[in-house]
Amino acid sequence: MKEHLGDRDLLNRWTGEYERASIYHGLDESNFRDFEAQWKPVLERRAAEFPNWTEAADGNVQDAHWDWVGNAKAESRYDTFAVECDGMTQGLMLVDLATRFARIQSQRGLDLCYVELISSAPWNRPKFSDRPKYRGTGCALLATAVSLSRELEFKGRVGLHSLPESESWYGPLGFTNCGFDDVKKMQYFEMTEEQANQFLADREA
Amino acid sequence: MDRRQMTLMLSDKEMELLDQLSERRGMSKTALVRQALRLYQSVTERIDKGEKVFVEHPATKDKAELMVL
């Protein structure tokens, strides 16, 4: 079931104005339709312009193969989230709350909110578009992950593996780069309680 | 999130375990029970799909399969 969690302002770079976006827990058919009809075709078209997955980072489309609909429908262990603005799905996130545990020494083994997948709509992405539209969808989703982590008494702890094209994004947000994970073949990032507090304080300022 | 209330009856031993785990993991007893439920659901779902869940010894790499009936 889809639940409205709250609202966030996204900057419309085209107009310079902030617009109210809604954050939802759970996806419905409208989100799946947006993904299948609006996101997926342009992501796949853009990804096809690059000779391989590594170079697809230049177009910010290394996630073009992610099956949002299949994952959201088939895996009940995942919790799903959407950002909607201007009648369209602007961002999606899928988190695992059960089977991942913290790796940073100070919180090693404790529960955390693991972000399995997170994406902004293609038209919002720098490098994908010359004129990306909304700014703030990724941060709105990460703030939701931190808030959820707090609500579940995980104290804001969040972990994720980053696509190479996104690695430079997580450090400035307060994540610790825990290094290359040989199993997932990706860099692993994690946020402590203190980093989560700072992250939310920065968003509220 | 909407919540519903229920009464949970535990033995002394189970309550002691709940106390210990909630202290160790820095969570309330309620949060710990919720998290245990999520973990149990996830393991059950994977096994239902034919996947295997193992625990591995860090040094010997010996694996023991976790069975959920």
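Below is a short write-up of the structure.

## With respect to helix α1 (residues 29-47) of chain A
All names here are of chain A.
- Across its 19 residues, α1 extends 25 Å between first and last C-alpha, which sits within 8% of the 27 Å expected from 1.5 Å per residue.
- Among all positions in α1, only Asn31, Asp34, Phe35, Trp39 and Leu43 are buried.
- In this structure, the buried residues of α1 make contact with α2 (68-74), β3 (78-85) and β4 (88-96).

## Observations regarding the pairing of β4(A)
All names here are of chain A.
- Burial runs high along β4: seven of the nine residues are buried.
- By the bridge criterion, eight bridges tie β3 to β4 in an arrangement that is antiparallel. Looking at β4, one finds that Thr80 is bridged to Leu94.
- What sits between β3 and β4 in their antiparallel hairpin is a turn of two residues, with Asp86 showing a positive phi close to 55 degrees.
- For β4 and strand β5 (residues 113-120), the ladder comprises six bridges, and the chain directions are antiparallel.

## Focus on the interface of chain B and chain A
- With 11 residues of chain B in contact, the opposing surface of chain A contributes 10 residues.
- Among the elements that line the side of chain B that touches chain A, the one with the most residues is helix α2 (residues 29-48) of chain B, at seven residues.
- Residues belonging to the side of chain B that touches chain A are distributed by class as follows: three nonpolar, five polar and three charged.

## A look at unusual backbone geometry
Residue and element names in this part refer to chain A.
- Notably, Glu153 is not glycine yet its phi reads approximately 70 degrees, a positive angle.
- Position of Glu153 among the secondary structure elements: in the loop between α3 (137-151) and β7 (158-162).
- One non-glycine residue, Lys185, lies in positive phi territory at about 60 degrees.

Cut-offs applied
Residues numbered from 1 in each chain as written. Chains lettered and ligands numbered in written order. Predicted model: local features only at pLDDT ≥ 70, side-chain atom pairs only at ≥ 80, totals over all residues. Helix = DSSP H or I, 4+ residues; strand = E, 2+ residues; numbered from the N terminus. Expected span 1.5 Å × (residues − 1). Buried ≥ 20, exposed ≤ 12 C-beta atoms within 10 Å, placed from the backbone. Contact = placed C-beta atoms within 7 Å. Pairing = 2+ DSSP bridges. Nonpolar A, V, L, I, M, F, W, Y, C, P; charged D, E, K, R; others polar.

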